[in-house]
Amino acid sequence: MSNVKIEESWKAVLEGEFEQPYFQSIASFLRKEKEQGKTIYPLGSLIFNAFNTTPFSNVKAVVLGQDPYHNPGEAMGLCFSVPKGVRAPPSLQNIYKELNTDLGLPIPKHGDLTQWAEHGVFLLNAMLTVEHKKPASHQKIGWQTFTDAVIRKLSQEREGLVFMLWGNFARQKRVLIDGSRHLILEAAHPSPLAGGAFFGCRHFSKANDYLKQQGKEPVNWAIK
């Protein structure tokens, strides 16, 4: 991952992690996979897209996903997000429905969540890479050690953030977050497999109400 660049504030906060043996082993694993001709998503330049789009000091809310989309052209380094021109996956369609119900915002015509990231929503996947057509294939290569450290850093070094944990996998990360310093919102996963249990969580309005109480600018959840 020598070609990967990460935003300066994150580089400073996470400097110790990049030197750890586990992180070197992630880099080595990915190099070997590519040498063997395997297709890895997202592109190397997008692995740290969430970090590069939302600097450490800009984070207001954290949405935690599991691993990147494993189909061609979908993964872009922001959880739940797909590039413009790619059909919004079912989970994202349900997120949009809840956004519409909760805040009355129109359902976006594309699935690119970059605007959220630019407005302080840190869209973090627990695993930052995946092999083509093999969901969760990189679950045990060390990424979770890294992203758990990221969540801890946000919890310890920032105040008054909103952590939005959707589904059982994300909710397990609650132990990494200091609930006395931050708002933790939990809900079912937005996937259709959850049978609509995500609907009615009103996380978008709850997040903004909390941010305003903290004296912070609320997130602009509108996507154009």
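What about the environment of Gly104?
Checked against the element boundaries, Gly104 lands in the loop between α5 (90–103) and α6 (114–118). When the C-alpha positions of Gly104 and Ala222 are compared, they lie 9.8 Å apart, and in sequence the two are 118 residues distant.

Points about the environment of Lys97
By secondary structure assignment, the location of Lys97 is in helix α5. Along the sequence, Lys97 and Leu124 sit 27 residues apart, while their C-alpha atoms lie 21 Å from each other. Not counting residues up to four positions away in its chain, the partners in contact with Lys97 are Ile107 and Phe199.

Some details on the packing of helix α3 (residues 21–35) against helix α7 (residues 143–157)
Contact pair α3 / α7: the axes reach a minimum separation of 9 Å and the direction vectors enclose 130°. Taken together, α3 and α7 sit at an angle that is classed as oblique. Viewed along their axes, α3 and α7 form a crossing whose handedness is left-handed. For the pair α3 and α7, the contacting residues are Tyr22, Phe23, Ile26 and Leu30 in the first and Trp143, Thr145 and Phe146 in the second. Broken down by class, the residue content of the contact of α3 with α7 amounts to six nonpolar, one polar and no charged.

As for the side chain of Ser205
With respect to the helices, strands and loops of the structure, Ser205 is situated in helix α9 (residues 203–213). Given a relative accessible area of 13%, Ser205 falls into the buried group. Dropping the residues within four chain positions of it, Ser205 is found in contact with Asp102 and Leu103.

Re the packing of aromatic side chains
Inspection of every chain in the model, using the stated rule, returns 21 aromatic pairs. Centroid distance Phe48 to Phe146: 6.1 Å. Interplanar angle 75°. Geometry classified as edge-to-face. Placement of the pair is Phe48 in the loop between β1 (40–41) and α4 (49–53) and Phe146 in helix α7, with a sequence separation of 98 residues. Grouping residues by exposure puts Phe48 and Phe146 together as buried. Ring centres of Phe51 and Phe146 lie 6.0 Å apart, and the angle between their planes is 45°; this geometry places the pair in the tilted category. You can see Phe51 sitting in helix α4 and its partner Phe146 sitting in helix α7, a full 95 residues away along the chain. Since its relative accessible area comes to 0%, Phe146 is described here as buried. Grouping aromatic residues by their ring pairs yields a cluster made of Trp10, Phe18, Tyr22, Phe23, Phe48, Phe51, Phe56, Phe122, Trp143 and Phe146.

Let's talk about the side chain of Glu131
Locating Glu131 in the fold gives a position in strand β4 (residues 130–131). Relative accessible area serves as the criterion here: at 12%, Glu131 is assigned to the buried category. Setting aside its immediate chain neighbours within four residues, Glu131 contacts Glu33, Lys38, Thr39, Ile40, His70, Ser137 and His138.

Describing unusual backbone geometry
Residue Pro42 follows Tyr41 across a cis peptide bond; omega there is -5°. Tracing the backbone shows Pro42 in the loop between β1 and α4. Phi is positive for Lys133, which is not a glycine, with a value near 65°. The topology assignment puts Lys133 in the loop between β4 and α7.

Observations regarding the sheet that holds strand β3 (residues 121–125)
Reading across the sheet, the four strands line up as β3-β2-β5-β6 and stay open at both edges, with parallel pairing between neighbours. Lying at the two open borders of the sheet, with one neighbouring strand each, are β3 and β6 (183–187). On average, each strand axis in the sheet is tilted by 20° relative to the strand beside it, whichever way the strands run. Bridging between strand β5 (residues 162–166) and β6 involves five bridges; their strand directions are parallel.

Digging into the pairing of strand β2 (residues 61–65)
Of all five residues in β2, five are buried, a share of seventy percent or more. Pairing of β2 with β3, which is carried by five bridges, proceeds in the parallel orientation. The residue bridging Val63 from the neighbouring strand is Leu123, located in β3. Where β2 meets β5, four bridges bridge the pair, whose relative direction is parallel.

What counts and what doesn't
- Residues numbered from 1 in each chain as written.
- Predicted model: local features only at pLDDT ≥ 70, side-chain atom pairs only at ≥ 80, totals over all residues.
- Heavy atoms only, no water.
- Helix = DSSP H or I, 4+ residues; strand = E, 2+ residues; numbered from the N terminus.
- Contact = heavy atoms within 4.5 Å.
- Axes fitted to C-alpha atoms, helices over the stretch in contact; angles between N-to-C directions.
- Parallel < 35°, antiparallel > 145°, perpendicular 65-115°, else oblique.
- Left-handed = near helix turned anticlockwise from the far one by under 90°.
- Nonpolar A, V, L, I, M, F, W, Y, C, P; charged D, E, K, R; others polar.
- Buried < 20%, exposed > 50% of the residue type's maximum accessible area, 1.4 Å probe, protein only.
- Phe/Tyr/Trp six-rings, centres within 6.5 Å; stacked < 30°, edge-to-face > 60°.
- Pairing = 2+ DSSP bridges.

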